[in-house]
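Coordinates in review
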Amino acid sequence: MTVAGHSEPIPTSPVAARLLNERLETAREKRGDEAAENLERLVGERIGALLEGGMPSIDFATMRSIVDFVETPEEEDTASGLGRTVRGIREKLSQRGGPVGG
């Protein structure tokens, strides 16, 4: 599969590719071509970062987490150093499918 924002073909499961195509089509229908192109670019950049970080391919769960959260605006970071560390650990756990406690 190829995606804007990532220059190389991406190893993905068929259901992950289908999910991305559905989300892009939904974005195109509801918000227009520019929004869909922006979403695809953001997804491609995130996938690239994951692959560079050592992830061998993109499965359905990973793709779902990417398309669900890639357009979420970043919140202003007012947490202490320890708070940012804990949040970083939780994010890594969620990316790897581990339990995330509150």
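We now turn to the structure provided with this report. Note that this is a predicted model, so its numbers are computed, not measured.

1. Overview of helix α2 (residues 33-52)
Taking 1.5 Å as the rise per residue, α2 with 20 residues should run 28 Å; its terminal C-alpha atoms sit 28 Å apart, in good agreement. Listing the buried residues of α2 in full gives A35, A36, L39, E40, V43, G44, I47, G48, L50 and L51. Summarising the contacts, the buried residues of α2 are in contact with α1 (14-31) and α3 (60-69). G54, located one to two residues past α2, shows a positive phi value of around 110°.

2. A closer look at α3
Considered for burial, the residues of α3 that qualify are T62, M63, I66 and V67. For α3, the angular spread of the buried residues around the axis is 120°, confining them to a single face. At its buried positions, α3 is contacted by α1 and α2.

3. A closer look at the packing of α2 against α3
One way to put it is that α2 packs onto α3 with a least axis distance of 10 Å and a crossing angle of 135°. Classified by the angle between their axes, α2 and α3 sit oblique to one another. Of the two possible hands of crossing, α2 and α3 adopt the one that is right-handed. Contact residues: V43, R46, I47 and L50 in α2; T62, M63, I66 and V67 in α3. Counted by class, the contact of α2 with α3 contains six nonpolar, one polar and one charged residues.

Conventions we followed
- Residues numbered from 1 in each chain as written.
- Predicted model: local features only at pLDDT ≥ 70, side-chain atom pairs only at ≥ 80, totals over all residues.
- Heavy atoms only, no water.
- Helix = DSSP H or I, 4+ residues; strand = E, 2+ residues; numbered from the N terminus.
- Expected span 1.5 Å × (residues − 1).
- Buried < 20%, exposed > 50% of the residue type's maximum accessible area, 1.4 Å probe, protein only.
- Contact = heavy atoms within 4.5 Å.
- Arc of directions from axis to C-beta.
- Axes fitted to C-alpha atoms, helices over the stretch in contact; angles between N-to-C directions.
- Parallel < 35°, antiparallel > 145°, perpendicular 65-115°, else oblique.
- Left-handed = near helix turned anticlockwise from the far one by under 90°.
- Nonpolar A, V, L, I, M, F, W, Y, C, P; charged D, E, K, R; others polar.

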